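Secondary and tertiary structure notes
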Amino acid sequence: MVDININVATKNLEKKGFLDINVSPELDLFKEIERLKKEKNAIILAHYYQEADIQDVADYLGDSLGLAQQAAKTEADLIVFAGVHFMAETAKILNPNKKVVLPDLKAGCSLADSAPGFLFKAFKEKHPDHIVISYINCTAEVKALSDIICTSSNAEKIVESVPKDQKIIFAPDRNLGAYLIKKTSRDMLLWDGACMVHEIFSLEKITKLKVRHPKAKLIAHPECEEPILRIADFIGSTTGLLKYTQRDDAQEYIVATEAGILHQMELASPGKTFIPAPPNNSCACNDCPHMKLNTLEKLYLCLKYEKPELIMDEVLMKEARKPMDRMLEISARYGL
Ligand code: 13P
Ligand code: SF4
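**Considering the site of ligand 1**
Near ligand 1 lie 13 residues; those nearest to it are His47, Ser64, Ser152, His221 and Thr238. Ser64 places a side-chain nitrogen or oxygen 2.8 Å from an oxygen atom of ligand 1. One of the side-chain N or O atoms of Ser152 is found 2.6 Å from an oxygen atom in ligand 1. When the free accessible area of ligand 1 is taken as 300 Å², the share hidden by the protein chains comes to 96%.

Structure representation (structure tokens):
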């Protein structure tokens, strides 16, 4: 039995960001979530940075590109998005007539927050001869001001798809932007934003760790800073990193991205060792505090009561959809 007071919880929803209802510890959440999914024709889309239990109940688990592609083709009536706010927005932009719910409305993103729409608009207006390529980790307002969206899986191909003489603004991640400049030799104007998780890795500690584990390969997400990327054996999106550890024959990896991905790496390659890259602080965790606001209990409650629901402005959704569609078209062209 579930002890609930849905009316009180609904009243407090805006303040808290989630349905604060006690869930009985005796309830088999995995079973209940399965039952509710079928009853409601719901789909759970989850990012690799979610906690392991959420990954285990997801219908689709993936990186930002995979999640956007799944959202674009789903036939479910209800989309439960286990990720952060900008990801749920992306699913809603691609499904304006569907209900999109998320476990915790306050699951934000430091990178998306680094580019407020009004400031980005002013920046763009100063450079009218530039087109805008935005990383998907941005708000719907910034998406609506962009010409093409990209993710870490397709960014290189997206930049290369733009004519060589076309000037480009890249936002909001300065680290991914700098990495793309190096890879594509394009001179892009970068917005000065960054991800709080990927900027925290310590070069000094990683170097020492490599000495202790000489056979371990360093694999890194392109949101990491340049000194980390410079010494990485492989750089890729979360899906790219996971696939690399499956095909590569090393037995040990130092993983410079959010620690949630280790769950899938360990499941896919049970004999291998995965060491989270050490951060630049005393805590030994690489968890994204925003991603980890979601819990299995919150997921269960949002599926059950279909709250909190993501409500977006229709005009904003229409404008933000155009660069998203462009990204999906270009990705399909390259078989990504
Ligand atoms: P990808 O999902 O593209 O690997 O990006 C990682 C990330 O930071 C998501 O918040
Ligand atoms: Fe944002 Fe970084 Fe967290 Fe991804 S890992 S949601 S980019 S803060």
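**What to know about the packing of helix α5 (residues 64–73) against helix α17 (residues 314–333)**
Interaxial distance between α5 and α17 falls to 11 Å at its minimum, and their mutual angle equals 105°. Viewed along their axes, α5 and α17 adopt a mutual orientation that is roughly perpendicular. Contacts from Leu65, Ala68, Gln69 and Ala72 of α5 reach α17 at Met324, Met327, Leu328 and Ser331. Of the residues in the contact of α5 with α17, the class split is six nonpolar, two polar and no charged.

**Describing empty space enclosed by the protein**
With the rule as written, the count across this model stands at two cavities of 30 Å³ or more. Reported here for the largest cavity is a volume of approximately 220 Å³. Taken together, 25 residues form the lining of the largest cavity, with Tyr49, Asn137, Cys195, Glu223 and Met291 sitting closest to its centre. Among the secondary structure elements, those contributing two or more residues to the lining of the largest cavity are α6 (85–94) and α7 (110–113). Across the lining of the largest cavity, the residue classes tally to 12 nonpolar, 10 polar and three charged. Estimated volume of the second largest cavity: approximately 70 Å³. Forming the walls of the second largest cavity are Ser64, Leu67, Ala68, Ala71, Phe81, Phe86, Met87, Thr90, Ala91 and Ile136. Contributions of two or more residues to the lining of the second largest cavity are made by α5 and α6. Looking at the lining of the second largest cavity residue by residue, the class counts come to eight nonpolar, two polar and no charged.

**What about the packing of aromatic side chains?**
Inspection of the entire model under this criterion finds six aromatic pairs. Seen from their ring centres, Phe234 and Tyr244 are 4.2 Å apart, and the 0° between their planes marks the pair as stacked. Here the residue Phe234 occupies a position in strand β10 (residues 234–235), and Tyr244 occupies one in helix α14 (residues 238–247), the gap between them amounting to 10 residues. When the ring of Tyr244 is compared with that of Tyr253, the centres are 6.4 Å apart and the planes differ by 80°; the resulting orientation is edge-to-face. For the residue pair Tyr244 and Tyr253, the accessibility class agrees, reading buried in each case. The ring of Phe18 has Lys298 lying over it, and the distance from NZ or CZ to the ring centre is 4.2 Å.

**Considerations on the side chain of Lys40**
Within the element layout of this structure, Lys40 appears in helix α3 (residues 29–40). Judged by its relative accessible area of 17%, Lys40 falls in the buried class. Of note is the side chain of Lys40, whose polar atom sits 3.0 Å from the backbone oxygen of Lys304. Contact partners of Lys40, with chain neighbours within four places excluded, come to Asp77, Leu78, Leu303, Lys304 and Glu306.

**Thoughts on the nonpolar core**
Counting residues in each nonpolar core, the largest one holds 108 residues, and the members touching the most others are Ile133, Leu299 and Met327. Setting aside its immediate chain neighbours within four residues, Leu299 contacts Ile33, Ile44, Ile54, Val57, Val80, Ala82 and Pro103. Listed in part, the 10 residues of the second largest apolar core include Ala115, Val132, Cys138 and Ile169.

**Let's talk about the layout of surface pockets**
When its volume is computed, the largest pocket comes out at roughly 530 Å³. Contributions of two or more residues to the lining of the largest pocket are made by α5, α10 (155–160), α11 (174–184), β10 and α14. Residue composition of the lining of the largest pocket, grouped by class: 11 nonpolar, nine polar and five charged. Estimated volume of the second largest pocket: approximately 150 Å³. Only α11 and α13 (226–231) provide two or more residues apiece to the lining of the second largest pocket. At six residues, α11 tops the list of elements feeding residues into the lining of the second largest pocket. When its residues are assigned to classes, the lining of the second largest pocket shows five nonpolar, one polar and six charged.

What counts and how
- Residues numbered from 1 in each chain as written.
- Chains lettered and ligands numbered in written order.
- Predicted model: local features only at pLDDT ≥ 70, side-chain atom pairs only at ≥ 80, totals over all residues.
- Heavy atoms only, no water.
- Near = heavy atom within 4 Å.
- Polar contact = N/O pair within 3.5 Å; in protein donor to acceptor, adjacent residues only side chain to side chain.
- Areas by Shrake-Rupley, 256 points an atom, 1.4 Å probe, with all protein chains shown as cover.
- Axes fitted to C-alpha atoms, helices over the stretch in contact; angles between N-to-C directions.
- Helix = DSSP H or I, 4+ residues; strand = E, 2+ residues; numbered from the N terminus.
- Parallel < 35°, antiparallel > 145°, perpendicular 65-115°, else oblique.
- Contact = heavy atoms within 4.5 Å.
- Nonpolar A, V, L, I, M, F, W, Y, C, P; charged D, E, K, R; others polar.
- 1 Å grid on protein atoms, 1.4 Å probe; cavity = no way out; pocket = protein on both sides within 12 Å on 5 of 7 lines; lining within 4 Å.
- Points joined across faces, edges and corners; volume = space filled by probe spheres on them.
- Phe/Tyr/Trp six-rings, centres within 6.5 Å; stacked < 30°, edge-to-face > 60°.
- Buried < 20%, exposed > 50% of the residue type's maximum accessible area, 1.4 Å probe, protein only.
- Lys NZ or Arg CZ within 6 Å of the ring centre and 35° of its normal.
- Core = buried A, V, L, I, M, F, W, Y, C linked by side-chain atoms within 4.5 Å.

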